[in-house]
Amino acid sequence: MTDLDPVIHAQARLRVTAFLAALAPGETLTFPRLQKELTMTAGNLSTHLRKLEDAGYVQQTKTIDGRTPATHVSLTDAGRAAFETYTRTLRTLLQGDP
Amino acid sequence: MDDHQPDDQAGDHAPDLAESWAIIEAERDRARRSVRVDERVVYGVWAVAWGVGYLALWTWSGPQGEPGLPGPIVFGVLIAAAIVATVVHIEGRTRGIGGPDAEANAWLGWAWGIGFAGACLVAGALGRVGLEGEAAAIVYNAVPCLVVAVLYMGSAIAFHDRRQFVLGAWIALLVGGASFAGAPTLYLLMALLGGGGFAVAALHAHREGHR
């Protein structure tokens, strides 16, 4: 367990990272759509996104769409690489699990 | 799920190994079902629209091959329904998604609209100069089909989608070849080989999704 990235290895952050990793590189998702898909509260999602952002794994970009402010969330290259390492490590640990 | 916990605590616990793997699989699956366009749906809808619509045109065509009622009505309703189903499906799946691909998709949407506006104008101009009978049936079918074929191939090049390119190329060659058969046989060929082409693309997408 100690080999798994602690930033990703929390239930909510793993869900967020796995979902964002399923988007194509460079694709972003609006905060409300991500919240709806993951059925998380706005506060809970914000908290975990901030932790992922502090680690450089997620980027949040604020824009104005028409007159409405919008936050677009995406996985950074570092976040994508960290998630790939996480899944690789997890697979190795699971194969070694009796 | 974790809503009963304080926000800064909810979902912070470390899952065990099996649970972690299950979360990853579940979220991948959720993303595939919610934010990815399901090509099986899009191609499947068009397989039905072309298959049944063209069959209706063939069934009720007149002695000179001209479409007779209710063929064009059935065809028009099915094509309109397929357009609505496609737009609703794609809009629902891609709402909230941004980035270079989303921008290219928006341009592509305009290309479809402009392409068909041009095709309609050409049809109107040909009607104005008195084109009718079998020649009209061939041209009125070929122009919009070639717009579809070229846009499919262009879209395939932009998104590196081999299946879409093959489908576009198939439609272009089919409409060219079927035009030589003349009306109403071309409608039967479009129903079987055009609708069939979409059905094969849907089946191919389905098999790829399960690989």
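Keep in mind it's a predicted model, so treat the numbers as computed, not measured. Note on numbering: residues in each chain are counted from 1, in written sequence order. Throughout, the order in which chains and ligands are written sets their labels, letters from A for the former and numbers from 1 for the latter. Whole-chain, interface and lining totals are the exception, using all residues; otherwise, since this is a predicted model, local features are given only for residues with pLDDT of at least 70 and side-chain atom pairs are given and counted only at 80 or more. Water and hydrogen atoms were dropped before computing side-chain values, which therefore reflect all heavy atoms in the structure.

**Section: unusual backbone geometry**
Logical step 1: Residues B:L69 and B:P70 are joined by a peptide bond in cis, for which omega reads 5°.
Logical step 2: Only runs of H or I of at least four residues qualify as helices and only runs of E of at least two qualify as strands under DSSP, and these elements are numbered from the N terminus. In this fold, B:P70 is placed in the loop between α2 (39-59) and α3 (71-94).
Logical step 3: Following B:A183, the chain continues into B:P184 via a peptide bond in cis, with omega recorded as 5°.
Logical step 4: As for its position among the elements, B:P184 is in the loop between α6 (162-181) and α7 (185-209).
Logical step 5: One non-glycine residue, A:T39, lies in the positive phi region at around 45°.
Logical step 6: Structurally, the position occupied by A:T39 is in the loop between α2 (31-38) and α3 (42-54).
Logical step 7: In this scheme, a residue with accessible area under 20% of its type's maximum is buried, one over 50% is exposed, and one in between is partly exposed, where area comes from a 1.4 Å probe on protein chains only. Taking relative accessible area as the criterion, A:T39 reaches 48% and is therefore assigned partly exposed.

**A word on the packing of helix α1 (residues 11-21) of chain A against helix α4 (residues 77-96) of chain A**
All names here are of chain A.
Logical step 1: Relative to each other, α1 and α4 sit at 110°, their axes nearing to 10 Å. Between α1 and α4, the angle is such that the two are roughly perpendicular. In this structure, α1 meets α4 at a crossing whose hand is left-handed. Packed against α1, whose contacting residues are L14, T17, A18, L20 and A21, the element α4 presents R80, F83 and Y86 at the interface.
Logical step 2: When its residues are assigned to classes, the contact of α1 with α4 shows six nonpolar, one polar and one charged. Note on geometry: axes are lines fitted to C-alpha atoms, helical ones only across the stretch in contact, with angles between N-to-C directions running from 0 to 180 degrees. Between 65 and 115 degrees an angle is taken as roughly perpendicular, under 35 as roughly parallel, over 145 as roughly antiparallel, and anywhere else as oblique. In a left-handed crossing the near helix is turned counterclockwise from the far helix by less than a right angle, and in a right-handed crossing that turn is clockwise. Contact criterion: two residues are considered in contact whenever any of their non-hydrogen atoms come within 4.5 Å of each other. The classification used treats Ala, Val, Leu, Ile, Met, Phe, Trp, Tyr, Cys and Pro as nonpolar, Asp, Glu, Lys and Arg as charged, and all other residues, Gly among them, as polar.

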